[in-house]
Amino acid sequence: MRAITGAANSATAIELAVHAAVASIDDPEYPGISIVDLGLLERLVVTNGHVDIGLIPTFSGCPALAMIGQDVSTAVRSVVGVESVEVSWLRSPAWSVARVSVEARAILADQFTVAVQINSGAAPRCPRCGAATVEQSMFGPSRCRSVHRCSNCSETVEVMRS
Amino acid sequence: MNPIEEFIFSFADDEHLIGQQHTEWIGVAPFLEEDLAFSSIGQDELGHAVLLYEVVLGLRETEATDEAIDALAYDRGASEYRSSHLVELATTDWAQALLRHWLYDTVEQFRWELVVGSSNTALAEIAIRVEREERFHRRHADALLDSLLASPVARPVLLAAFDSLTPFIANLLAPVAGETEAIAQGVVSASITTIAPLLEQRVADRFEQTLSITADISNSPGRDVRSDHFQTLMDRMREVIDYDPQAVW
């Protein structure tokens, strides 16, 4: 990913504004969590007012792709100085949960009772009490989540994995 | 038909139709977790079909719009499809659906491995990302079979379901039209027939059964012939479109 955030001296004002516009789009599954924080933004290039955005999907069959792409396109087009926008879904690299930001993981845990499984070898921890969870169903309410139950407090925990 | 396109269609159409078949278990699978599993797996396979139809559009240097993808998925004549008879098969038998899921995904893994180093960059990239999703599919089928095959009640039912599907394997692994050219151009590394011994080994490991398919492959009908089930499936998929072809979505 182009290191725009945290490297303001290397990014132009319009690049920062476009990045902010992309970051203003939340994942439809998680209101309050930006698609940028979920690791969907891979490429952002501004050339003479033309913006080229490359996104990667969490899973290939995600039904929200067209909607997200449309939302990004609309948001970026409203940035002053932008004349045209092209949003494409990239085949490579593959998304993984390692791309989810630390801030997004905290919101997922606190507001959605979702644990992010970074290490597939270890049991995900319950966001409420911290105990190990046990898988109940390999597939959950959306393609990127499975359903677990906490071994201690019995809370149902959705686990985001890749 | 362009041979490379024909080769890609053999994979894309399989992914499309198996995805459709899996989605038909939504609401009627034996328990909730299987509803979720079959719908999620079906969703992935439909996503893979879209990626493969995009490869065809790439070969035609045509933009991959939703309309262009839908036209490949739904608007071709029956004789232009290159699906295998296994994925065309209608079934309301969940044991058969589960065994088809295992069988199809086992073969699918080997099919992606044949294109992971493809000279078609798009195809090679897709093969890498797809494997990340496919391992969930195989884990799902294997986990269920591990527990069900241990049951004296379920085991004979599953083995009978497997036997009912073995006649479809030769058609699934018979040489695909266009693959000679696809191999020559480095699009795929070897014929789909090379999967036969790999599948025989997986079947032996899983079911303790001997499967011998190499001889049947040479006598199998090819993918240019549709099975009796195809048209019913296509009519059902096209039901809404055909109701009002002029409708604007």
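Residues numbered from 1 in each chain as written. Chains lettered and ligands numbered in written order. Predicted model: local features only at pLDDT ≥ 70, side-chain atom pairs only at ≥ 80, totals over all residues.

## Observations regarding the interface of chain A and chain B
Much of the literature gives interface size as the accessible area that the parts lose upon coming together.
Next up, step 1: With 12 residues of chain A in contact, the opposing surface of chain B contributes 21 residues.
Next up, step 2: Looking at the side of chain A that touches chain B, its residues break down into four nonpolar, six polar and two charged. (Contact = placed C-beta atoms within 7 Å. Nonpolar A, V, L, I, M, F, W, Y, C, P; charged D, E, K, R; others polar.)

## Focus: unusual backbone geometry
Next up, step 1: For the peptide bond that leads from serine 92 of chain A to proline 93 of chain A, omega is 0°, which places it in the cis range.
Next up, step 2: By the element assignment, proline 93 of chain A lies in the loop between β5 (84-89) and α3 (102-112).
Next up, step 3: A positive phi angle, close to 50°, is found at asparagine 48 of chain A, a residue other than glycine.
Next up, step 4: By the element assignment, asparagine 48 of chain A lies in the loop between β3 (41-47) and β4 (50-55).
Next up, step 5: Classification of asparagine 48 of chain A as exposed rests on a count of 7 C-beta atoms within 10 Å.
Next up, step 6: If you check the backbone angles, glutamate 208 of chain B has positive phi at about 50° while not being a glycine. (Helix = DSSP H or I, 4+ residues; strand = E, 2+ residues; numbered from the N terminus. Buried ≥ 20, exposed ≤ 12 C-beta atoms within 10 Å, placed from the backbone.)

## Here's the deal with the environment of arginine 82 of chain B
Next up, step 1: With respect to the secondary-structure elements, arginine 82 of chain B resides in the loop between α3 (66-74) and α4 (85-88).
Next up, step 2: A sequence separation of 19 residues divides arginine 82 of chain B from histidine 101 of chain B, and the C-alpha atoms of the two residues are 19 Å apart.

## So, the domain arrangement of chain A
Residue and element names in this part refer to chain A.
Next up, step 1: Taken as a whole, chain A is organised into domain 1 (8-89) and domain 2 (97-160).
Next up, step 2: Here domain 1 and domain 2 have C-alpha centroids that lie 27 Å from each other.
Next up, step 3: Taken together, the contacts link 11 residues of domain 1 with 12 residues of domain 2. (Domains from an automatic or database assignment.)

## Digging into helix α1 (residues 13-23) of chain A
Next up, step 1: Those residues of α1 of chain A that sit buried are Val18, His19, Ala21 and Val22 of chain A. What you see down the axis of α1 of chain A is that its buried residues fit within an arc of 160°, all on one side. (Arc of directions from axis to C-beta.)

## Concerning the confidence of the model for chain B
Next up, step 1: For chain B, the mean per-residue pLDDT works out to 95, and 100% of the residues sit at or above 70.
Next up, step 2: Taken over the whole predicted complex, pTM reads 0.91, whereas the ipTM for its chain interfaces reads 0.82. (pLDDT = per-residue confidence, 0-100.)

## Here we look at the environment of serine 84 of chain B
Next up, step 1: The residue serine 84 of chain B is located in the loop between α3 and α4 in this model.
Next up, step 2: For serine 84 of chain B, the residues in contact, after removing those within four places along its chain, are Asp14, Asn171, Leu172 and Arg223 of chain B.

## Some points on the nonpolar core
Next up, step 1: In terms of nonpolar packing, the biggest core is built from 51 residues, with Ile8, Ala12, Leu52, Tyr53, Val56 and Leu173 of chain B touching the most fellow members.
Next up, step 2: The residues touching leucine 52 of chain B, leaving out its near neighbours within four places in the chain, are Ile8, Phe11, Ala12 and Glu15 of chain B.
Next up, step 3: Formed by 36 residues, the second largest nonpolar core is a distinct cluster that contains Val36, Val114, Cys144 and Cys150 of chain A. (Core = buried A, V, L, I, M, F, W, Y, C linked by C-beta atoms within 7 Å.)

## What about the sheet that holds β3 of chain A?
All names here are of chain A.
Next up, step 1: Strand order in the open sheet formed by three strands is β3-β4-β5, and the pairing between neighbours is mixed. At either end of the open sheet lies a strand with only one pairing partner, and these are β3 and β5. In this sheet, adjacent strand axes meet at a mean angle of 10° when their direction is disregarded.
Next up, step 2: One ladder, built from six bridges, connects β4 with β5; its direction is parallel. Bridging across to β5, glycine 54 finds its partner in serine 88.
Next up, step 3: The sheet strands contacting α1 are β3 and β4, and the helix crosses β3 at an angle near 140°. (Pairing = 2+ DSSP bridges. Axes fitted to C-alpha atoms, helices over the stretch in contact; angles between N-to-C directions.)

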